[in-house]
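# Reading the structure
Each chain is listed here by its residues.
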Amino acid sequence: MHTNTVAQLALGLQRRDFSSTELTELYLDRISALDDTYNAYITVNAEQALAAAAIADARLAKGTGDALTGIPIAHKDIFCTSGLRTSCGSRMLDNFVPPYDATVIKHFDAAGAVILGKTNMDEFAMGSSNENSYYGAVKNPWDTSAVPGGSSGGSAAAVAAMLAPAATGTDTGGSIRQPAAFCGVTGLKPTYGRVSRLGMIAFASSLDQAGPLARTAQDCAILLNVMAGHDKLDSTSSEEPVPDYTAGLDKPLQGLRIGLPREFFGDGLAASTAAAIDASLKELEAQGATLVEVSLPHSKLTIPTYYVIAPAEASTNLSRFDGVRYGHRCDAPKDLHDLYTRTREEGFGDEVKRRILVGTYALSAGYYDAYYKKAQQVRRLIQQDYLDAFKDVDIIAGPTTPGPAFALGAKSNDPLAMYLEDVYTLAVNLAGLPGMSVPAGFVDNKPVGLQLIGQHFDEARLLNVAHRFQQATDWHTQQGAMPQGK
Ligand code: GLN
């Protein structure tokens, strides 16, 4: 049963083939049997999950269930959950129990979904390998000596190891797509503003966006239907109407124009990964799509631009963690200054401190124009490259990452090497566009992902292309040598 998709599980629940309580128990058992190996969860929500499952079962028995009623979902530990610890992967929030739910969590709750637990992540979502978590690294289920990607690595590993049928993640510069690629699951980062950020602990507010990770594009569509929508409590959320993302999944791809950015297929892309991407593109071509070369001339500026803007925004967002209001507080502070400095010294890990320092520097008087303002100007140019390319094509495709998952420890002491991992994902956030990663083959027995990038609010088309691709391929259904549990 644990190999089923959300769509299949929902059908089983509605037919009463099994109950939500049975399903939830099965996943809780799998987590307790297998998660010592992967470390995908920070907090397991066993008791409350079973209570929620019983409520879902009552609703299903009355015949009033929706697509997600009774489905267990894992949430990245960045979403505030009322009464359930929300750590954001940080010692700073190790003791933080939010008094309210994030809007995303409220939506899942209203749909009758069950919260299995909170997944591991890089501290404050800063990272590409999940090695920056206060709760220890997550292991890639395909190869436990490799990273799962980050920062939503716990969510991706939980779905890959079948410790949850689907999960939520957030993506500021690739944190849904990159771990999805490394773990062989399907992940979608929606258009900026499509999903409410209320109650999602802020990293870089102009880039952060929540989205689903699941086995299939169809499941991502089912989750996005619940997640998307305007929130009057988030002024950056969009009023654009939410379509039914499952409605157009089967549409034929005849006539679809796919742009292939020249800059994505050059140096830096491993040959074996390039071969897997080429084969995937041929599959789309066989379904009637045409491949068109496009250019994104400012691509080489995305890493420096992102790594000024994201730390700048992080430095202001993280100033609230001061030991006064909530979260970690140092013992016996001598005075206010000591309280601030020791709390932050003890509460934050190295990468978070690095970002705060870089961001504070980039925003400081005298450097603001040279760094932050300049980065925002370049960001506009990067966005314009995409808007220009979309005059000729419907979607853009390429690799999600330069290669498959790397070894644990391989880049953890080299921040610049780590940042290079984000080369294909960052621009999508800088431009506010939707992007997906879809399993597209294996290199060295590890999954690689095909990235699909869409125009603003064109998630339905990305899901359609990904779904058609998954109807013709089986990369997303493979399970490798993962322990299956019971
Ligand atoms: N890897 C990028 C970073 O470290 C992106 C992280 C994210 O999307 N949250 O900032």
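Now for a quick tour of the structure. (Residues numbered from 1 in each chain as written. Predicted model: local features only at pLDDT ≥ 70, side-chain atom pairs only at ≥ 80, totals over all residues. Heavy atoms only, no water.)

### Some details on a nonpolar patch on the surface
A cluster of nonpolar residues, V324, L336 and Y340, forms a patch on the protein surface that exposes about 260 Å² of accessible area. In this structure, V324 sits in the loop between α9 (302-317) and α10 (336-347). (Patch = residues over 30% accessible without salt bridge, like charges linked within 9 Å, V, L, I, M, F, W, Y side chains within 5 Å. Areas by Shrake-Rupley, 256 points an atom, 1.4 Å probe, with all protein chains shown as cover. Salt bridge = Lys/Arg side-chain N within 4 Å of Asp/Glu carboxyl O. Helix = DSSP H or I, 4+ residues; strand = E, 2+ residues; numbered from the N terminus.)

### Some thoughts on empty space enclosed by the protein
For the structure on display, the rule yields three cavities of 30 Å³ or more. The calculated volume of the largest cavity comes to roughly 80 Å³. A per-class count over the lining of the largest cavity returns six nonpolar, seven polar and two charged. (1 Å grid on protein atoms, 1.4 Å probe; cavity = no way out; pocket = protein on both sides within 12 Å on 5 of 7 lines; lining within 4 Å. Points joined across faces, edges and corners; volume = space filled by probe spheres on them. Nonpolar A, V, L, I, M, F, W, Y, C, P; charged D, E, K, R; others polar.)

### Some remarks on the nonpolar core
Side chains of a nonpolar character, in soluble globular proteins, are inclined to be buried together. Residues L68, F124, Y386, L452 and L463 are the most contacted members of the largest nonpolar core, which totals 140 residues. Leave out the neighbours within four places in its chain, and L463 touches L188, A217, C220, A221, L224, Y245, L249 and M436. (Core = buried A, V, L, I, M, F, W, Y, C linked by side-chain atoms within 4.5 Å. Buried < 20%, exposed > 50% of the residue type's maximum accessible area, 1.4 Å probe, protein only. Contact = heavy atoms within 4.5 Å.)

### Side note on the packing of aromatic side chains
Using the criterion set out here, one finds 16 aromatic pairs in the structure. When the ring of Y367 is compared with that of Y371, the centres are 6.1 Å apart and the planes differ by 40 degrees; the resulting orientation is tilted. Grouped by ring-pair contacts, the aromatic residues F96, F124, F321, Y326 and F348 constitute a single cluster. Sitting above the plane of the F406 ring, K411 keeps its charged end 5.1 Å from the centroid. (Phe/Tyr/Trp six-rings, centres within 6.5 Å; stacked < 30°, edge-to-face > 60°. Lys NZ or Arg CZ within 6 Å of the ring centre and 35° of its normal.)

### Notes on the state of the cysteines
Here the structure, examined in full by the defined rule, presents zero disulfides. In this structure C183 is a free cysteine whose sulfur lies 14 Å from that of C220, the closest cysteine sulfur available. On the basis of relative accessible area, C183 is assigned to the buried category, the value being 0%. (Disulfide = S-S within 2.5 Å.)

### Observations concerning the pairing of strand β8 (residues 290-294)
Bridging between strand β7 (residues 257-261) and β8 involves five bridges; their strand directions are parallel. Along β8, the bridge assignment pairs I258 with L291. With helix α8 (residues 271-286) bridging β7 and its parallel neighbour β8, the resulting β-α-β unit is right-handed. (Pairing = 2+ DSSP bridges. Right-handed = clockwise from strand over helix to strand, strands pointing away.)

### Examining the pairing of strand β5 (residues 186-189)
One face of the sheet, then the other: side chains in a regular strand alternate in exactly this way. Of the two faces of β5, both are covered, the one formed by T186 and L188 as well as the one formed by G187 and K189. Pairing geometry for β5 and strand β6 (residues 210-214), over two bridges, is antiparallel. In the strand pairing of β6, T186 is matched with A214. Pairing analysis gives three bridges linking β5 to strand β10 (residues 435-443), with the strands arranged antiparallel. Directly across from L188, in β10, lies its bridge partner M436.

### Digging into the site of the ligand
Not every one of the 15 residues close to the ligand is listed here, only the nearest: T172, G173, S175, Y306 and R355. Within the contact set of the ligand, an oxygen atom lies 2.7 Å away from a backbone nitrogen or oxygen of T172. Isolated, the ligand exposes 290 Å² of accessible area, and the fraction of that covered by the protein chains is 99%. The cavity where the ligand resides is the largest cavity. Grouping the constituent residues of the shell around the ligand by class yields five nonpolar, seven polar and three charged. (Near = heavy atom within 4 Å. Polar contact = N/O pair within 3.5 Å; in protein donor to acceptor, adjacent residues only side chain to side chain. Sits in = over half its atoms within 2 Å of the grid points.)

### Topic: the pattern of salt bridges
Following the criterion strictly, the structure yields 19 salt bridges and no others. E345 is the partner of K353 in a salt bridge, and the nearest nitrogen-oxygen pair spans 3.6 Å. Accessibility expressed as a relative area gives 51% for E345, which makes it exposed. For D394, the salt bridge is made with R461, and the minimal N-O distance between the two is 3.9 Å. With a gap of 67 residues between them, D394 in the loop between α12 (369-389) and β9 (395-399) and R461 in helix α15 (residues 459-472) connect regions that are remote in the sequence. A single salt-bridge network, built from bridges that share partners, covers R257, D394, D458 and R461.

### Brief notes about helix α3 (residues 46-61)
Since there are 3.6 residues in each turn of an α-helix, residues three or four apart along the chain are aligned in direction. Helix length check: α3, at 16 residues, gives a terminal C-alpha distance of 22 Å against a target of 22 Å (1.5 Å per residue), a fit within 8%. Of the surrounding secondary structure, the elements contacted by the buried residues of α3 are α1 (6-14), α2 (20-38) and β3 (114-119). Two residues or fewer past α3, G63 is found with a positive phi of approximately 80 degrees. (Expected span 1.5 Å × (residues − 1).)

### Some points on the side chain of N140
Note that N140 resides in the loop between β3 and α5 (153-160). At 2.9 Å, the side chain of N140 and the backbone nitrogen of W142 are in polar contact. In contact with N140, not counting residues within four places along its chain, are A146, V147, P148, F182, C183 and A405.

### Let's talk about unusual backbone geometry
The residue after G150, namely S151, is reached through a cis peptide bond having omega 5 degrees. Relative to the helices and strands, S151 resides in the loop between β3 and α5. You will see that D444, though not glycine, has its phi angle at about 50 degrees, which is positive. Its place among the elements puts D444 in the loop between β10 and β11 (446-453). Even without being a glycine, N445 presents a positive backbone phi close to 65 degrees. You can see N445 is positioned in the loop between β10 and β11.

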